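Structural characterization, general
Given next are the chains, with one letter for each unit.
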Amino acid sequence: RPDFVAGIRDMTPPLIGIFPFGVVCGVAAQSVGLSAVEAVGMAMIVFSGAAQIVATQLIAAQAPVAVIVLTCFVVGLRFLMYSAAIAPYMRRLPVNWQRGLAFLLTDQAFAAAIRKFDASDDARSAGLHFLGSGIALWGMWVTTNMTGYFAGNSIPASWSLDFAVPLCFIALVAPLFRSVPSVVAALCAGVAVLALAGLPMRLNLIVAGLIGIVAGTLVDLAGERWKAR
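Our subject in this report is the structure included herewith. (Residues numbered from 1 in each chain as written. Predicted model: local features only at pLDDT ≥ 70, side-chain atom pairs only at ≥ 80, totals over all residues. Heavy atoms only, no water.)

**Examining the overall build of the chain**
Counting its regular elements, the chain contains 12 helices and zero strands. Starting at the N terminus and ending at the C terminus, the chain contains elements arranged as α-α-α-α-α-α-α-α-α-α-α-α. Across the 229 residues that make up the chain, the buried fraction comes to 41%. For the chain, long-range pairs separated by at least 24 residues make up 80% of all intrachain contacts whose partners lie at least 6 apart in sequence. Total accessible area computed for the chain in this model is approximately 12,500 Å², and 70% of it derives from carbon and sulfur atoms. (Helix = DSSP H or I, 4+ residues; strand = E, 2+ residues; numbered from the N terminus. Buried < 20%, exposed > 50% of the residue type's maximum accessible area, 1.4 Å probe, protein only. Contact = heavy atoms within 4.5 Å. Areas by Shrake-Rupley, 256 points an atom, 1.4 Å probe, with all protein chains shown as cover.)

This is the structure we're talking about:
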């Protein structure tokens, strides 16, 4: 379907950006002694760079499985906010679609999907676009993890491959800043995530996200009241 293919095509630039991050995750899996099957299984199922990096660090420290799972759950709490934001659009799709697309929800896929859903009245078209971009990301993620795993520690740390990840995400979300509330939300969240960097288990991401949501909502409500005068 054209929408599915368009989703793959539109996700091509971010694929370039996540390549180094996937390689880093693969290198991390290899460095803590995971087998190739375990490394590819983590990439295919967990499908989260931050969670995989944290998990490999805890595996290296011989932490209990329960601690690893709980920590990864906390690291992934930002997806609750993503889910809440995209849920009104997803309700127009069949339940099976919702479940399948939920697995493919990532930072990059969310930024692309929310933009597509917002611009289109055809939920199925936007859903197919989401599916295409999500599958492209998943396939690239597994491939790059395996590349990093087999490359091992031959990649010098001075390359700073993980630096490309935030640049990639900035390029995705920047077009969404089209209104005052969205800009205020982004600025407040950006300041908060740096100010709260000392919080454990990367909880500064969650708290900063909530602060950004509240700030953007308050500005939006203030704007509506001003127009009503």
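Here the narrative resumes.
**Focus on helix α1 (residues 2-10)**
Taken together, the buried positions of α1 are occupied by D3, A6 and G7. Along the axis of α1, the buried residues cluster in a sector spanning 105°; they form a single face. Among the exposed residues of α1, those pointing more than 90 degrees away from its buried face are P2 and R9. Tucked inside the fold, the buried residues of α1 contact α9 (123-151). (Arc of directions from axis to C-beta.)

**Let's talk about the pattern of salt bridges**
Tallied over the entire structure, the rule returns two salt bridges. With a shortest N-O distance of 4.0 Å, R9 and D10 are connected by a salt bridge. Overall, R9 belongs to the exposed group, its relative accessible area being 53%. Looking at D10, the relative accessible area reads 43%, which means it is partly exposed. A salt bridge links D107 to R78; the shortest N-O distance between them is 3.0 Å. Of the two residues, D107 sits in helix α8 (residues 107-119) while R78 sits in helix α6 (residues 78-90), which places them 29 residues apart along the sequence. The pair D107 / R78 is uniform in exposure class, with both members buried. (Salt bridge = Lys/Arg side-chain N within 4 Å of Asp/Glu carboxyl O.)

**Some details on the nonpolar core**
If you look at the biggest cluster of nonpolar residues, it comprises 28 residues, and the most contacted ones within it are I86, M90, F117, F130, L137 and W141. Listing elements by their share of this core, those giving two or more residues are α2 (12-31), α6, α8 and α9. Of all the elements, α9 adds the most residues to this core, at seven residues. Sequence-distant contacts of W141, that is, excluding residues within four places in its chain, are made with I18, F21, G22, C25, A43, F47, S48, G49 and Q52. Core analysis: the next-biggest nonpolar cluster, separate from the first, contains 14 residues, L34, L58, I68 and Y149 among them. (Core = buried A, V, L, I, M, F, W, Y, C linked by side-chain atoms within 4.5 Å.)

**Focus: a nonpolar patch on the surface**
On the surface, M44, I45 and V46 cluster together to form a nonpolar patch covering roughly 270 Å² of accessible area. Mapped onto the fold, I45 is located in helix α3 (residues 36-45). Classification of I45 by relative accessible area gives exposed; the value is 65%. (Patch = residues over 30% accessible without salt bridge, like charges linked within 9 Å, V, L, I, M, F, W, Y side chains within 5 Å.)

**A short note on α8**
Here α8 spans 19 Å end to end across 13 residues, near enough to the 18 Å set by a 1.5 Å rise per residue. Regarding α8, the residues found buried are D107, Q108, A109, F110, A111, A112, A113, I114 and F117. (Expected span 1.5 Å × (residues − 1).)

**Some words on the packing of helix α7 (residues 95-103) against α9**
Angle between the axes and distance between the axes are the two parameters that describe a pair of packed helices. Here α7 crosses α9 at 35°, and the two axes come no closer than 9 Å. Considering how the two elements wind past one another, α7 and α9 form a crossing that is left-handed. Contact residues: W97, L101 and F103 in α7; R124, G127, L128, F130, L131 and W138 in α9. For the contact of α7 with α9, a count of residues per class yields seven nonpolar, one polar and one charged. (Axes fitted to C-alpha atoms, helices over the stretch in contact; angles between N-to-C directions. Left-handed = near helix turned anticlockwise from the far one by under 90°. Nonpolar A, V, L, I, M, F, W, Y, C, P; charged D, E, K, R; others polar.)

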